[in-house]
Amino acid sequence: MHHQQPQRNQPQQHKKQTYVMMQYTPLATGSAGQFDTYGRVHQFVPPPAIVARCPKLTRYKMLGFLAVAMLSLVLLAFTAARTSRVGDSVFRGDDHSLPNRGGAAVSPMCNLVVQDEAGAPGGAEGEVVGNAGLDGAGLQGPGGRDSIGTAPLNRGQNEVHVYPSERYETDPSRRRIKRFPTAIVIGARKAGTRAVLRFVDLHPDVVTSKREPHFFDREYNQGLEWYRHEMPLSLPSQITLEKTPNYLVDWDVPKRVYSFNESIKLILIVREPISRAVSDYVQLKERAIKNGRAQPFPDFEELAIDPSTGAVDKSYAPVKRSLYSRHLERWLAFFNLSQILVVDGDNIRYRPWEEMAKVEKFLGLSHQVKQDCFVFNETKGFFCVNIRDQKKGNGATVEKCLSESKGRVHPPIDPVVRSKLKAFYRPFNKRFFYRIGRTFPWD
Ligand SMILES: Nc1ncnc2c1ncn2[C@@H]1O[C@H](COP(=O)(O)OS(=O)(=O)O)[C@@H](OP(=O)(O)O)[C@H]1O
């Protein structure tokens, strides 16, 4: 949208001027008008003195001129309104079509800034927004990685200070330390877990681990000190979050997390079960082909349906991982539902700001990650974040999208197989809705 510069009344230079000078008067909201550089609406009103001095401009000519001007302004306002409503439509299922073809809405109003690697405003380069975990040489301190072992964490032990050398190298101000997470995104895989972590990471009071630490499922024997090392540095005012989607489905994890911190907050992101399963399949296929393991790779239908019975094969991992009720029940054996926030992964795609408001509230954070921090990227077909880049200054913003591996194209699914899957998931979905006390439009 181009804002037009308002012209101010100028003193008359030449007596024989025949053109009309423009005077702009601020209008009440809703009236047709023209935008100035500050986004205020102004109305065109020809100054009576000038009309009087221009005999050629009859009243009819003036009215005609006014009508054309008003029409152009109405058209301009209409275009502006369309652009700013990006993402207002609700999209469901596997639809990879673009919600907006009228151009991406870039709002200059988002107050969030690119954070540096340790969670402080400053500016990180590259694709990743926010806080990268610190890995690599120079971080291993005396005492080794297993200094805490696998013992459960005691109350108040959540802040383990880094070794002096490490602290010196990574944070000269010595205010930032590596803290255990106070909230974990436990899944589900392919439900939008990276998007949620990336978006919440925009919040100035949040730091997130860049990698999935897989501590409670794969690396448990490494000990808690190893886990803490996986976390980014944070200020006392900041909370730490990590995500490992496999936690949701691993049998040992709920108990281990409970013994780590029984009052931890858990975030569960769910997506319509069939599209989640297909997304899972597409990822496995891509990996297998990349590793030269399977060419050609079987179709989704061949794997999701048992050829001997013609029924859904619930032992197929992508199918099984969408059985949310089953997985959640194992977590509910240890944690209260009030400790678990269920996020709508489909809405994360189409109206991410709505889900982010819920995440912020659940984590006890102020509301910062608002609609104006998102911009729809037409090439990618997803929302990306558009935030201030302090490095560049002058109110410059930078657009950051999730990586290429997010938003893969799904194959079309045989309608017969789809309806079998729908029927298969229905009772599990029902049970899941009952457990969480809300429903999703998955039928
Ligand atoms: N803003 C934005 N950008 C890109 N992708 C987005 C976004 N919001 C949600 N999604 C959806 O996230 C899906 C990937 O989910 P995960 O991040 O949980 O995958 S993973 O388990 O970590 O591999 C990914 O699934 P696929 O589309 O099937 O690839 C996306 O649909």
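Quick notes on the rules
- Residues numbered from 1 in each chain as written.
- Predicted model: local features only at pLDDT ≥ 70, side-chain atom pairs only at ≥ 80, totals over all residues.
- Heavy atoms only, no water.
- Helix = DSSP H or I, 4+ residues; strand = E, 2+ residues; numbered from the N terminus.
- Buried < 20%, exposed > 50% of the residue type's maximum accessible area, 1.4 Å probe, protein only.
- Contact = heavy atoms within 4.5 Å.
- Areas by Shrake-Rupley, 256 points an atom, 1.4 Å probe, with all protein chains shown as cover.
- Pairing = 2+ DSSP bridges.
- Axes fitted to C-alpha atoms, helices over the stretch in contact; angles between N-to-C directions.
- UniProt positions renumbered as here; feature names shortened; annotations may be inferred.
- 1 Å grid on protein atoms, 1.4 Å probe; cavity = no way out; pocket = protein on both sides within 12 Å on 5 of 7 lines; lining within 4 Å.
- Near = heavy atom within 4 Å.
- Polar contact = N/O pair within 3.5 Å; in protein donor to acceptor, adjacent residues only side chain to side chain.
- Sits in = over half its atoms within 2 Å of the grid points.
- Phe/Tyr/Trp six-rings, centres within 6.5 Å; stacked < 30°, edge-to-face > 60°.
- Parallel < 35°, antiparallel > 145°, perpendicular 65-115°, else oblique.
- Left-handed = near helix turned anticlockwise from the far one by under 90°.
- Points joined across faces, edges and corners; volume = space filled by probe spheres on them.
- Nonpolar A, V, L, I, M, F, W, Y, C, P; charged D, E, K, R; others polar.
- Salt bridge = Lys/Arg side-chain N within 4 Å of Asp/Glu carboxyl O.

A. Highlighting the overall build of the chain. Along the backbone of the chain there are 13 helices and 13 strands. The 443 residues of the chain split such that 48% are buried. Excluding contacts between residues fewer than 6 apart, the proportion of contacts in the chain whose partners are at least 24 apart in sequence is 69%. Summing over all exposed atoms, the chain offers an accessible surface of approximately 22600 Å²; the carbon and sulfur share of this is 54%.

B. Expanded view of the sheet that holds strand β5 (residues 183-187). If you trace the 5 strands from one edge of the open sheet to the other, you get β6-β8-β5-β9-β10, paired in parallel fashion. Each edge of the open sheet is held by one strand with a lone partner, namely β6 (206-208) and β10 (340-344). Looking at each pair of strands side by side, their axes are set apart by 25 degrees on average, direction ignored. Against the sheet, helix α4 (residues 193-200) engages β5, β6, β8 (239-243), β9 (265-270) and β10, with an angle of about 165 degrees to β8. In the packing of helix α12 (residues 352-362) onto the sheet, contacts are made with β9 and β10, and the angle to β10 comes to roughly 170 degrees.

C. Local environment of the UniProt feature "binding site: 3'-phosphoadenylyl sulfate" (unreviewed entry) in the chain. Annotation from UniProt places "binding site: 3'-phosphoadenylyl sulfate" (unreviewed entry) at Lys190, Ala191, Gly192, Thr193, Arg194, Arg271, Ser279, Lys406, Gly407, Arg408, Val409 and His410. Of the annotated set, the members that line the largest pocket are Lys190, Ala191, Gly192, Thr193, Arg194, Arg271, Ser279, Lys406, Gly407, Arg408 and His410. Summarising the element assignment, Arg194 is placed in helix α4. Among the residues examined, Arg194 registers a relative accessible area of 14% and is labelled buried. Residues within four places of Arg194 in sequence aside, it is in contact with Ser209, Lys210, Glu212, Lys243, Leu402 and Lys406. For Gly407, the position within the fold is in the loop between β13 (397-400) and α13 (415-436). Overall, Gly407 belongs to the partly exposed group, its relative accessible area being 35%.

D. Structural detail: the sheet that holds strand β12 (residues 382-388). The strand order across the open sheet formed by 3 strands is β11-β12-β13, and the pairing between neighbours is antiparallel. Two strands bound the open sheet, and with one partner strand each, they are β11 (374-377) and β13. The sheet shows a mean angle of 35 degrees between the axes of neighbouring strands, direction not considered. As paired strands, β12 and β13 are joined by 4 bridges and run antiparallel to one another. Across the sheet, residue Ile387 finds its bridge partner in β13, namely Val398.

E. Examining the site of the ligand more closely. By nearness alone, 25 residues border the ligand, and Thr193, Lys243, Ser279, Gly407 and His410 come closest of all. Between the ligand and Thr193 there is a distance of 2.5 Å, counted from an oxygen atom to a side-chain nitrogen or oxygen. Contact distances for the ligand include 2.8 Å between an oxygen atom and a backbone N or O atom of Gly407. In isolation the ligand offers 640 Å² of accessible surface; the protein chains occlude 97% of this area. In a pocket analysis with a 2 Å cut-off to the grid points, the ligand is assigned to the largest pocket.

F. Spatial organisation of the packing of aromatic side chains. All chains considered together, the criterion is met by 29 aromatic pairs. Look at Phe376 and Phe383: their rings are 5.3 Å apart centre to centre, the planes differ by 75 degrees, and that puts the pair in the edge-to-face class. Residue Phe376 is classed as buried on the basis of its relative accessible area of 2%. For the pair Phe424 and Tyr425, a centre-to-centre distance of 5.1 Å together with 65 degrees between the ring planes defines the contact as edge-to-face.

G. Broad picture of the packing of α4 against α12. Following both chains from N to C, one finds α4 and α12 inclined at 70 degrees, their axes separated by 11 Å at the closest point. As the angle between them shows, α4 and α12 are arranged roughly perpendicular. Helix-helix and strand crossings are classified by hand; for α4 and α12 the assignment is right-handed. Every residue of α12 that contacts α4 at Val196, Phe199 and Val200 is listed here: Pro352, Met356 and Val359.

H. Molecular detail of the UniProt feature "active site" (unreviewed entry) in the chain. Using the residue numbers shown here, the UniProt feature "active site" (unreviewed entry) corresponds to Lys190. Within the secondary structure, Lys190 sits in the loop between β5 and α4. Lys190 has contacts with Arg271, Arg276, Ser279, Asp280, Gln283, Ser405, Lys406 and Arg408, leaving out every residue within four places of it along the chain.

I. Local environment of the pairing of β9. Across the 6 residues that make up β9, a large majority, 5, are buried. As paired strands, β5 and β9 are joined by 4 bridges and run parallel to one another. Its bridge partner being in β9, Val185 is matched across the sheet by Ile267. Bridge count between β9 and β10: 5 bridges; the pairing is parallel. If you follow Val270 over to β10, its bridge partner there is Asp344.

J. Seen up close, the layout of surface pockets. Here the largest pocket is characterised by a volume of approximately 740 Å³. Every residue lining the largest pocket is counted, 36 residues in all, and those nearest its centre are Lys190, Ala191, Gly192, Thr193 and Lys406. The greatest single-element share of the lining of the largest pocket, amounting to 5 residues, is contributed by helix α11 (residues 345-350). Its residues assigned to classes, the lining of the largest pocket comprises 11 nonpolar, 12 polar and 13 charged.

K. Quick look at the environment of Ala333. With respect to the secondary-structure elements, Ala333 resides in the loop between α10 (324-332) and β10. Judged by relative accessible area, which is 60%, Ala333 ranks as exposed. Considering only alpha carbons, one finds Ala333 and Lys255, 78 residues apart in sequence, at a separation of 8.8 Å.

L. Main features of the pattern of salt bridges. According to the stated counting rule, one finds 12 salt bridges in the structure shown. In this structure, Arg189 and Asp280 form a salt bridge, with 2.8 Å as the shortest nitrogen-oxygen distance. Of this pair, Arg189 sits in the loop between β5 and α4 while Asp280 sits in helix α7 (residues 273-290), and the two are 91 residues apart along the sequence. The exposure classification of Arg189 matches that of Asp280, with both residues buried. Among the ionic pairs, Glu329 bridges to Arg431, the shortest N-O distance being 2.7 Å. In this pair, Glu329 sits in helix α10 while Arg431 sits in helix α13, placing the two residues 102 residues apart along the sequence. You can call Glu329 partly exposed: its relative accessible area is 23%.

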